[in-house]
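Residue-level structure breakdown
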Amino acid sequence: MAWRFEIDPAGKDSPWWVTAAAVVLAFLLVGLFIALTGKDVVAVYLKMFGGAFGTSFGLTETLVKAIPLLFCGLGVSLAYRIQVWNIGAEGQFIVGAIAATAITIYFPHLPAWGALPLMLVAGAAAGALWGYFTAWPKVQFQVNELMISLMLNYVAILLLNDLVFGPWRDPHGMNFPGTPPFTPAQMLPSFGGTRLHFGLVLALFAVALAGVFVQKTRWGYELRLIGANPEAARHAGINLRRHIVVVMLLSGGLAGLGGFSEVSGVTHRLMYGISPGYGYTAIIVAWIARLNPWGIVVSSVLFGGLIVGGYSVQTLGLPSSVSALLQGAVLFFLIAGSIMGKVKLRRSGEGRRWNFFRNS
Amino acid sequence: MELLSQLLASAMAAGTPLLFATLGGILTERSGIIQLGAEGLMLMGAVTAAATLLATGSLLLAIAAVVAVTGALGALHAFLTVTLRSNQIVSGLALTLFGGGLSAYWGQSITGQPMPVQVPVADLSWLNPIPVLGPLVSHLNLFTWGSLLLVVVLWLYLKHTSWGLHLRAVGDNPATADVMGIPVQFYRYAAVIVGAVLMGWGGASLLLVFSPTWIEGMTAGRGWIAIALIIFARWNPLYALGAAYLFGLLDTVGFRLQLAGSPIPPYFLKMLPYLITIAVLILVGWRTKHKLSASPQALGLPYIREQRF
């Protein structure tokens, strides 16, 4: 009497609570690792939660971290919608930050109404260009976009390092690897003395726009068609190549905007390590929200909190990589969970079936 | 002559971790499963080797621990992709993120500590009189010899044994293989697990031989480069040897140019392996544009017995 798994391709998508369960299970698994190192798991998680959401400072920090995740997550979610595996948001984010900073370096005396729009456009354009570098080999030579977009991440990081350690380094910065600080005209306004900045409004605007376009337009409909079955979409006369290029331009452009909002709104200069892996976390942010634009708002706040909470447990003698560990674990449980609605566990020799979720 | 010998030696040293990981990838992908977790597996292999070696001082135990840990992670990927048939790309990404996080967490306390034991070197001094090649192979460590042996074994297995034929059949057409009575799931599990161990071994050899202290994220994208090398090597273990050493050479040539006082900025030289990987991928794509690709025909497709294609 052997049990075996069966897949029902027509099965239902897993219900929402699978996502919640995946997050809980990830916390349990990582809790096991924490316990193995002899720490009090409950204290660690309480500290994490308190650090991220417990104080008004923690809460604004969480939102500040959520902004780049929101931009990058929204960007990659568009690409994943049509099964284009852009994992280059990290590089697209960084070149966006570099291009926005270039405006401050080469046109230092522009007034705010000139500097900020120019920086925004430069950041978005640079990110879009980086996205195009991934799209072009894919549509032209069927080169795997995963590989290209990832290699471009390393190129972008090395470009950033070259600039902040070399020609763009602040001469008065005591060897700090960063550009000179921006002038007030080059900074995004912040809300009432906090570090929370106008980039949040931009990001939410982008989410609303993406939501409308994906749900209500012919373009969004074609994206969903491609996502469901690329081959069928092609036979229906949809130009796959054009869609891939457009989506990668948008995907990279959004991540580039995130780079602009980070340098102009938070760090107020370009510096070494400008992104602690936002582009990679964004992959999970998009996945956990099932590529839904408004869902990404929720998941980016959750993961922003995870990053901030990761910093706050350092006082307990734990490395901040706890949050990276949690992110990977969440993704594991999520992919296992997402298939659950389609999996049946069947006992061979008998007709009886047991389903993870009852099919109605 | 001297310089050529030195260059080749450093290309082999830097190329051996890539070679292990590429061979692991070839084995995995020949079964039709994509494994994008190479980066995470290499990091886990490296940190496991470092932690075990520092704790026990035994190289054999370190190797056993690497096999156990990366084998378990490989089994996890196999369970998700072969049994549950979930998205192979996302599962691999999860493995990379999880491996990166776990290795950083685990390795925090041993960062920067030098390894107490070195991998033994096979002393073949009697080969020295042979020009260029002699000095190159007379003092190779056992890991490098192991990787060379593995190239031959894997090539013989894939091309000249019936089990290897079965594996290729599973990767090209699982439905036909199933009809022939080949246990598709078994071959896929075995290939993914052994492949993951080889990738972890690549990380371990990076740590034990090439740069013997643990640093967070020390693989610096080598796992991803190995995945590109699979395509470059056209899923053939013999080509993988040349591909890995070529990239090993690239890895070291920048460093050497920098030492020689070259006017090219050092960051640009560091970009070379990544830029050349992109160029190679485009070149391979351009050459095979109108030809049948060398990749396993069912790569990335889950196999469901009752499903018609």
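Above this text is the structure in question.
Rules behind the numbers
Numbering of residues begins from 1 in every chain and follows the order in which that chain's sequence is written. Just so you know, chain letters begin at A and ligand numbers begin at 1, following the order they were written in. Since the coordinates come from a predicted model, pLDDT governs what is reported: local features require at least 70, and pairs of side-chain atoms require 80 or more to be given and counted, while whole-chain, interface and lining totals use all residues. By definition, any uninterrupted DSSP run of H or I lasting at least four residues is a helix, any uninterrupted run of E lasting at least two residues is a strand, and each is numbered from the N terminus. Based on C-alpha atoms, the radius of gyration is set beside the globule rule, defined as 2.2 Å times the residue count to the power 0.38. Note on burial: count the other C-beta atoms lying within 10 Å of the residue's C-beta; 20 or more is buried, 12 or fewer is exposed, in between is partly exposed, and C-beta positions come from the backbone. A pair of residues counts as a contact when their C-beta atoms, built from backbone coordinates, are within 7 Å of each other. Nonpolar residues are Ala, Val, Leu, Ile, Met, Phe, Trp, Tyr, Cys and Pro. Charged residues are Asp, Glu, Lys and Arg, and all others, Gly as well, are polar. Orientation is described by axes fitted as lines to C-alpha atoms, over the contacting stretch for helices, and by angles from 0 to 180 degrees between their N-to-C directions. When an angle is under 35 degrees it counts as roughly parallel; over 145 it counts as roughly antiparallel; between 65 and 115 it counts as roughly perpendicular; any other value is oblique. Crossing handedness: left-handed means the near helix sits turned counterclockwise from the far one by under a right angle, and right-handed means the same turn made clockwise. Structurally, a nonpolar core is described as a collection of buried Ala, Val, Leu, Ile, Met, Phe, Trp, Tyr and Cys residues joined by way of C-beta atoms within 7 Å. Reported domain spans reflect what an automatic or database domain assignment gives.

Helix and strand counts for chain B stand at 12 helices and 0 strands. Taken from the N to the C terminus, the helices and strands of chain B come in the order α-α-α-α-α-α-α-α-α-α-α-α. Radius of gyration (C-alpha) of chain B: 20 Å, near the 19 Å computed for a compact globule of 309 residues. In terms of overall dimensions, chain B has a C-alpha envelope of 60 × 45 × 40 Å along the principal axes. Burial statistics for chain B: of 309 residues in total, 50% are counted as buried. Across chain B, every contact between residues at least 6 apart in sequence was considered, and the portion connecting residues at least 24 apart equals 79%.

The subject of this paragraph is the overall build of chain A. Along its length, chain A carries 13 helices and 3 strands. Relative to the 2.2 N^0.38 estimate, which gives 21 Å for 360 residues, the radius of gyration of chain A is 22 Å and therefore close to what a compact globule would have. Dimensions of chain A, computed from the C-alpha atoms along their principal axes, are close to 80 × 60 × 35 Å. Among the 360 residues that make up chain A, the fraction classed as buried is 51%. For chain A, contacts bridging at least 24 residues in sequence account for 77% of all contacts bridging at least 6.

On the chain A side, the residues contacting the 39 residues of chain B number 39 residues. Taken together, the elements giving at least two residues each to the side of chain B that touches chain A come down to helix H3 (59–83), helix H4 (88–107), helix H10 (222–232) and helix H12 (266–287) of chain B. Residue contributions to the side of chain B that touches chain A peak at 12 residues, all from H4(B). Of the residues in the side of chain B that touches chain A, the class split is 25 nonpolar, 11 polar and 3 charged.

All names here are of chain B. Where helix H6 (residues 142–160) contacts helix H7 (residues 162–172), the axes come no closer than 5 Å and their chain directions differ by 75°. When the axes of H6 and H7 are compared, the pair comes out roughly perpendicular. Seen from H6, the contacting residues are Tyr157, Leu158, Lys159 and His160; seen from H7, they are Trp163, Gly164, Leu167 and Arg168. Broken down by class, the residue content of the contact of H6 with H7 amounts to 4 nonpolar, 2 polar and 2 charged.

A separate point is the packing of helix H1 (residues 2–30) of chain B against H10(B). Residue and element names in this part refer to chain B. In the contact formed by H1 and H10, the axes pass within 8 Å of each other and the chain directions differ by 55°. Relative to H10, H1 is oriented oblique. Judged by the sense of rotation from one axis to the other, the crossing of H1 with H10 is right-handed. Between H1 and H10, the contacting residues are Pro17, Leu18, Ala21, Thr22, Gly25, Ile26 and Glu29 on the first element and Arg222, Gly223, Ile225, Ala226, Ile227, Leu229 and Ile230 on the second. Looking at side-chain class alone, the contact of H1 with H10 contains 9 nonpolar, 3 polar and 2 charged residues.

Negative phi values dominate among residues other than glycine, just as trans dominates among peptide bonds. Even without glycine at this site, Gln83(A) takes up a positive phi of about 60°. Mapped onto the fold, Gln83(A) is located in the loop between helix H3 (56–81) and helix H4 (89–106). Gln83(A) gets classed as partly exposed once you count the C-beta atoms within 10 Å, which come to 15. In this model, Trp235(B) sits at a positive phi of 60°, which is unusual for a non-glycine residue. Residue classification places Trp235(B) among the buried positions, given that 21 C-beta atoms sit within 10 Å.

We now examine the environment of Val179(B). With respect to the secondary-structure elements, Val179(B) resides in helix H8 (residues 174–179). Residues Val179(B) and Arg305(B) lie 126 residues apart in sequence; the distance between their C-alpha atoms is 9.8 Å.

Let us now look at the nonpolar core. Counting 216 residues, the largest nonpolar core has Ala46(B) and Leu229(B) as the members making the most contacts within it. Considering every element that reaches this core, the biggest residue donor is helix H9 (residues 184–210) of chain B, with 16 residues. Taken domain by domain, the makeup of this core includes at least three residues from each of domain 1 (1–29 + 326–353) and domain 2 (68–202 + 239–301) of chain A. Discounting residues that sit within four places of it in the chain, Leu229(B) has contacts with Leu18(B), Thr22(B), Ala240(B), Ala243(B), Ala244(B) and Phe247(B).

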